[in-house]
Amino acid sequence: MKCTPERFAEFIHANTAFSTPPHVPEIGLYLADEAHDLWHRTEEELAGIGLPPPFWAFAWAGGQGLARYVLDNPDTVRGRKVLDFATGSGLVAIAAAKAGAAHVLAADIDPFCAAVRLNADANGVLLEFDCRDFVGENNGFDVLLAGDVFYDRAFAERLIPWFAQLSATGTTVLVGDPGRSYLPRERLTKLAEYQVPVTRALEDAEVKRTTVWRFR
(Lines give C-alpha, C1' and ligand atoms only; values in the text may rest on other atoms or scores of the structure.)
Protein backbone atom coordinates (compact mmCIF):
# COMPACT_ATOMS: atom_id res chain seq x y z
CA MET A 1 0.00 0.00 0.00
CA LYS A 2 1.43 3.35 -0.99
CA CYS A 3 1.31 6.12 1.59
CA THR A 4 3.25 9.09 0.33
CA PRO A 5 0.84 11.94 -0.41
CA GLU A 6 2.78 15.12 -1.11
CA ARG A 7 0.72 17.19 1.29
CA PHE A 8 2.00 15.04 4.17
CA ALA A 9 5.58 15.71 3.10
CA GLU A 10 4.89 19.44 2.94
CA PHE A 11 3.33 19.33 6.41
CA ILE A 12 6.31 17.45 7.81
CA HIS A 13 8.81 19.94 6.37
CA ALA A 14 6.78 22.85 7.74
CA ASN A 15 6.35 21.50 11.27
CA THR A 16 9.59 19.73 12.10
CA ALA A 17 13.33 20.40 12.14
CA PHE A 18 16.09 18.08 11.00
CA SER A 19 18.04 16.90 14.04
CA THR A 20 19.76 13.87 15.52
CA PRO A 21 18.37 11.70 18.34
CA PRO A 22 20.75 11.97 21.33
CA HIS A 23 21.33 8.22 21.64
CA VAL A 24 21.75 7.64 17.89
CA PRO A 25 23.69 10.68 16.59
CA GLU A 26 24.63 8.81 13.40
CA ILE A 27 21.07 9.24 12.12
CA GLY A 28 19.24 12.48 11.32
CA LEU A 29 15.45 12.77 11.43
CA TYR A 30 12.72 15.33 10.88
CA LEU A 31 11.55 15.74 14.48
CA ALA A 32 9.16 18.01 16.36
CA ASP A 33 10.09 20.09 19.38
CA GLU A 34 6.68 20.20 21.08
CA ALA A 35 4.28 17.27 21.16
CA HIS A 36 1.04 19.08 21.90
CA ASP A 37 1.33 21.80 19.27
CA LEU A 38 2.11 19.31 16.54
CA TRP A 39 -0.68 17.02 17.68
CA HIS A 40 -3.21 19.83 17.13
CA ARG A 41 -1.73 20.68 13.75
CA THR A 42 -1.94 17.06 12.71
CA GLU A 43 -5.62 16.98 13.66
CA GLU A 44 -6.29 20.06 11.56
CA GLU A 45 -4.40 18.65 8.59
CA LEU A 46 -6.50 15.47 8.62
CA ALA A 47 -9.71 17.29 9.65
CA GLY A 48 -10.05 14.79 12.47
CA ILE A 49 -10.68 14.92 16.19
CA GLY A 50 -8.97 12.91 18.88
CA LEU A 51 -6.22 11.45 16.74
CA PRO A 52 -3.27 9.86 18.55
CA PRO A 53 -0.11 11.90 19.02
CA PRO A 54 2.17 12.10 15.97
CA PHE A 55 4.42 9.20 16.91
CA TRP A 56 6.41 9.64 13.70
CA ALA A 57 7.73 13.03 14.85
CA PHE A 58 9.59 11.88 17.97
CA ALA A 59 12.53 9.61 18.68
CA TRP A 60 10.99 7.42 21.37
CA ALA A 61 13.20 5.74 23.92
CA GLY A 62 12.45 2.19 22.78
CA GLY A 63 13.28 3.06 19.20
CA GLN A 64 16.49 4.84 20.14
CA GLY A 65 17.65 1.89 22.22
CA LEU A 66 16.80 -0.63 19.52
CA ALA A 67 18.47 1.45 16.80
CA ARG A 68 21.59 1.74 18.98
CA TYR A 69 21.66 -2.03 19.44
CA VAL A 70 21.30 -2.70 15.72
CA LEU A 71 24.09 -0.26 14.82
CA ASP A 72 26.39 -1.70 17.49
CA ASN A 73 25.53 -5.30 16.57
CA PRO A 74 25.21 -5.23 12.77
CA ASP A 75 25.33 -9.02 12.45
CA THR A 76 21.80 -8.97 13.86
CA VAL A 77 20.49 -7.76 10.51
CA ARG A 78 23.35 -7.92 8.01
CA GLY A 79 22.30 -9.68 4.83
CA ARG A 80 18.82 -10.35 6.19
CA LYS A 81 15.27 -9.39 5.31
CA VAL A 82 14.01 -7.04 8.03
CA LEU A 83 10.59 -5.71 9.04
CA ASP A 84 10.57 -2.61 11.25
CA PHE A 85 7.07 -2.81 12.71
CA ALA A 86 5.32 0.39 13.89
CA THR A 87 8.25 2.26 12.39
CA GLY A 88 7.13 5.81 13.28
CA SER A 89 9.94 8.07 12.10
CA GLY A 90 11.77 5.14 10.52
CA LEU A 91 14.68 5.43 12.97
CA VAL A 92 15.08 1.69 13.55
CA ALA A 93 14.55 0.85 9.88
CA ILE A 94 17.26 3.34 8.91
CA ALA A 95 19.60 1.80 11.48
CA ALA A 96 18.95 -1.64 9.98
CA ALA A 97 19.70 -0.36 6.48
CA LYS A 98 22.90 1.29 7.67
CA ALA A 99 23.90 -1.95 9.41
CA GLY A 100 23.73 -3.87 6.15
CA ALA A 101 20.31 -5.49 6.01
CA ALA A 102 19.59 -6.98 2.58
CA HIS A 103 16.08 -5.55 2.52
CA VAL A 104 14.19 -3.34 5.00
CA LEU A 105 10.44 -2.82 5.09
CA ALA A 106 9.25 -0.04 7.40
CA ALA A 107 5.59 -0.53 8.34
CA ASP A 108 3.19 1.84 10.10
CA ILE A 109 -0.54 2.42 9.76
CA ASP A 110 -0.17 6.17 10.35
CA PRO A 111 -0.73 8.00 7.03
CA PHE A 112 2.01 10.45 7.98
CA CYS A 113 4.49 7.64 7.35
CA ALA A 114 5.67 9.89 4.51
CA ALA A 115 8.16 10.95 7.21
CA VAL A 116 9.89 7.60 6.73
CA ARG A 117 10.69 8.36 3.11
CA LEU A 118 11.97 11.83 3.95
CA ASN A 119 14.15 10.48 6.75
CA ALA A 120 15.47 7.61 4.66
CA ASP A 121 16.40 9.96 1.83
CA ALA A 122 18.11 12.33 4.26
CA ASN A 123 20.23 9.44 5.54
CA GLY A 124 21.08 8.07 2.11
CA VAL A 125 19.44 4.67 2.58
CA LEU A 126 16.86 2.75 0.58
CA LEU A 127 13.74 1.47 2.33
CA GLU A 128 10.43 0.04 1.34
CA PHE A 129 7.51 1.14 3.46
CA ASP A 130 3.89 0.19 3.78
CA CYS A 131 0.84 1.46 5.67
CA ARG A 132 -0.82 -1.94 5.98
CA ASP A 133 -1.48 -3.56 9.34
CA PHE A 134 0.93 -6.50 9.34
CA VAL A 135 -0.23 -8.04 12.62
CA GLY A 136 -0.90 -11.73 12.14
CA GLU A 137 1.02 -12.03 8.88
CA ASN A 138 4.16 -14.05 8.21
CA ASN A 139 5.87 -12.61 5.15
CA GLY A 140 9.15 -14.47 5.45
CA PHE A 141 11.14 -11.80 7.26
CA ASP A 142 14.29 -12.98 8.98
CA VAL A 143 14.14 -10.25 11.63
CA LEU A 144 11.28 -8.22 13.08
CA LEU A 145 12.22 -5.05 14.96
CA ALA A 146 9.69 -3.34 17.24
CA GLY A 147 10.49 -0.22 19.25
CA ASP A 148 8.13 1.00 21.97
CA VAL A 149 5.06 -1.06 21.07
CA PHE A 150 3.79 -2.28 24.47
CA TYR A 151 2.16 0.96 25.63
CA ASP A 152 -1.47 -0.17 25.20
CA ARG A 153 -3.20 -3.28 26.57
CA ALA A 154 -5.32 -4.04 23.50
CA PHE A 155 -2.38 -3.56 21.15
CA ALA A 156 -0.16 -5.75 23.30
CA GLU A 157 -2.80 -8.50 23.28
CA ARG A 158 -2.66 -8.50 19.47
CA LEU A 159 1.13 -8.42 19.30
CA ILE A 160 2.09 -11.11 21.79
CA PRO A 161 0.59 -14.13 19.95
CA TRP A 162 1.87 -12.77 16.62
CA PHE A 163 5.40 -12.29 17.93
CA ALA A 164 5.26 -15.76 19.51
CA GLN A 165 4.19 -17.33 16.21
CA LEU A 166 6.95 -15.55 14.28
CA SER A 167 9.57 -16.53 16.83
CA ALA A 168 8.43 -20.16 16.76
CA THR A 169 8.83 -20.27 12.98
CA GLY A 170 12.36 -18.86 12.98
CA THR A 171 12.00 -15.09 12.85
CA THR A 172 14.26 -13.16 15.23
CA VAL A 173 11.94 -10.75 17.07
CA LEU A 174 13.71 -7.88 18.86
CA VAL A 175 11.92 -5.37 21.05
CA GLY A 176 13.16 -2.03 22.39
CA ASP A 177 11.24 -0.92 25.48
CA PRO A 178 11.68 1.63 28.31
CA GLY A 179 9.43 -0.19 30.78
CA ARG A 180 6.00 0.23 29.24
CA SER A 181 3.07 -1.16 31.20
CA TYR A 182 2.19 -4.12 29.00
CA LEU A 183 5.65 -5.49 28.24
CA PRO A 184 5.45 -9.33 28.45
CA ARG A 185 8.64 -9.83 30.43
CA GLU A 186 8.02 -13.55 30.86
CA ARG A 187 8.43 -13.97 27.08
CA LEU A 188 11.66 -11.97 26.77
CA THR A 189 15.41 -12.45 27.01
CA LYS A 190 17.48 -9.37 27.81
CA LEU A 191 20.15 -8.43 25.27
CA ALA A 192 21.24 -4.90 26.23
CA GLU A 193 20.33 -1.93 28.40
CA TYR A 194 20.81 1.79 27.75
CA GLN A 195 20.17 5.11 29.44
CA VAL A 196 18.34 7.06 26.72
CA PRO A 197 17.76 10.84 26.82
CA VAL A 198 14.17 11.78 25.93
CA THR A 199 11.92 14.83 25.93
CA ARG A 200 9.87 15.70 29.01
CA ALA A 201 7.01 16.65 26.68
CA LEU A 202 6.48 12.94 26.13
CA GLU A 203 7.91 11.11 29.13
CA ASP A 204 8.01 11.32 32.92
CA ALA A 205 11.81 11.67 33.03
CA GLU A 206 14.63 13.17 30.99
CA VAL A 207 16.43 9.82 30.76
CA LYS A 208 14.70 6.46 30.37
CA ARG A 209 16.32 3.12 31.12
CA THR A 210 15.67 1.24 27.92
CA THR A 211 16.15 -2.46 27.33
CA VAL A 212 16.51 -4.42 24.11
CA TRP A 213 14.90 -7.82 24.38
CA ARG A 214 14.61 -10.92 22.24
CA PHE A 215 11.07 -12.30 22.16
CA ARG A 216 10.89 -16.05 22.62
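Each remark here, short or long, concerns the structure printed above.
Note that the structure is a prediction, hence the values are computed from the model and not measured.

Can you help me understand the pattern of salt bridges in this one?
Two side chains bearing opposite charge may form a pair once their charged atoms approach each other closely. Applying the stated rule across the entire model yields eight salt bridges. One salt bridge in this structure joins Arg78 and Asp75, with 2.5 Å as the shortest N-O distance. Judged by relative accessible area, which is 57%, Asp75 ranks as exposed. Ionic pairing is found between Arg180 and Asp148, a salt bridge with its closest N-O pair at 2.6 Å. One end of the pair, Arg180, is in the loop between strand 7 (172-177) and strand 8 (188-197); the other, Asp148, is in the loop between strand 6 (143-147) and helix 6 (153-168), and 32 residues separate them in sequence. When its relative accessible area of 17% is taken as the criterion, Arg180 is described as buried.

How should the sheet that holds strand 4 (residues 103-107) be read in this particular structure?
By definition, the strands of a sheet pair up through backbone hydrogen bonds, in either a parallel or an antiparallel sense. The strand order across the open sheet formed by seven strands is 5-4-3-6-7-9-8, and the pairing between neighbours is mixed. For this open sheet the edge positions go to strand 5 (128-130) and strand 8, each flanked by a neighbour on one side alone. Put simply, the sheet's adjacent strands are angled 20° from each other on average, direction ignored. Bridge analysis of strand 4 against strand 5 gives three bridges, and the strand direction is parallel. Along strand 5, the bridge assignment pairs Ala107 with Asp130. Here helix 4 (residues 91-98) sits on the sheet and contacts strand 3 (81-85), strand 4 and strand 6; the angle it forms with strand 4, its principal contact strand, is near 180°.

Help me understand the pairing of strand 6, please; the structure alone is not making it clear to me.
Successive residues of a regular strand alternate their side chains across the two faces of the sheet. Most of strand 6 sits inside the fold, with five of its five residues counted as buried. With burial as the criterion, each face of strand 6 is covered, one bearing Val143, Leu145 and Gly147 and the other bearing Leu144 and Ala146. As defined by bridge partners, strand 3 adjoins strand 6 across four bridges and the pair is classed as parallel. The partner of Val82 across the bridge, within strand 6, is Val143. Across five bridges, the pairing between strand 6 and strand 7 is parallel. Residue pairing in the sheet places Val143 in a bridge with Thr172 of strand 7.

Looking at this structure, I do not really get the packing of helix 3 (residues 61-72) against helix 4. What am I missing?
Two quantities define a packed helix pair, namely the angle between the axes and the distance from one axis to the other. Two elements in contact, helix 3 and helix 4, have axes separated by 9 Å at closest approach and are oriented at 5°. Between helix 3 and helix 4, the angle falls in the class roughly parallel. Of the residues in helix 4, those touching helix 3 at Gly63, Gln64, Leu66, Ala67, Val70 and Leu71 are Leu91, Val92, Ala95, Ala96 and Lys98. Within the contact of helix 3 with helix 4, the residues separate by chemical class into eight nonpolar, two polar and one charged.

So what exactly am I meant to see when it comes to the packing of aromatic side chains here?
Two descriptors summarise a pair of aromatic rings, namely the distance from one centre to the other and the angle between the planes of the rings. In total, this model carries eight aromatic pairs according to the counting rule given. Between Tyr151 and Phe155, the ring centres sit 6.0 Å apart and the planes meet at 45°, which makes this aromatic pair tilted. Among the aromatic residues, those joined into a cluster by ring pairs are Phe85, Phe150, Tyr151, Phe155, Trp162, Phe163 and Phe215. Across from the ring centre of Phe141, 4.8 Å away, lies the NZ or CZ of Lys81, which sits over that ring. The aromatic ring of Phe134 is capped on one face by Arg132, whose charged end is 4.2 Å from the ring centroid.

Rules used throughout
Residues numbered from 1 in each chain as written. Predicted model: local features only at pLDDT ≥ 70, side-chain atom pairs only at ≥ 80, totals over all residues. Heavy atoms only, no water. Salt bridge = Lys/Arg side-chain N within 4 Å of Asp/Glu carboxyl O. Buried < 20%, exposed > 50% of the residue type's maximum accessible area, 1.4 Å probe, protein only. Helix = DSSP H or I, 4+ residues; strand = E, 2+ residues; numbered from the N terminus. Pairing = 2+ DSSP bridges. Axes fitted to C-alpha atoms, helices over the stretch in contact; angles between N-to-C directions. Contact = heavy atoms within 4.5 Å. Parallel < 35°, antiparallel > 145°, perpendicular 65-115°, else oblique. Nonpolar A, V, L, I, M, F, W, Y, C, P; charged D, E, K, R; others polar. Phe/Tyr/Trp six-rings, centres within 6.5 Å; stacked < 30°, edge-to-face > 60°. Lys NZ or Arg CZ within 6 Å of the ring centre and 35° of its normal.

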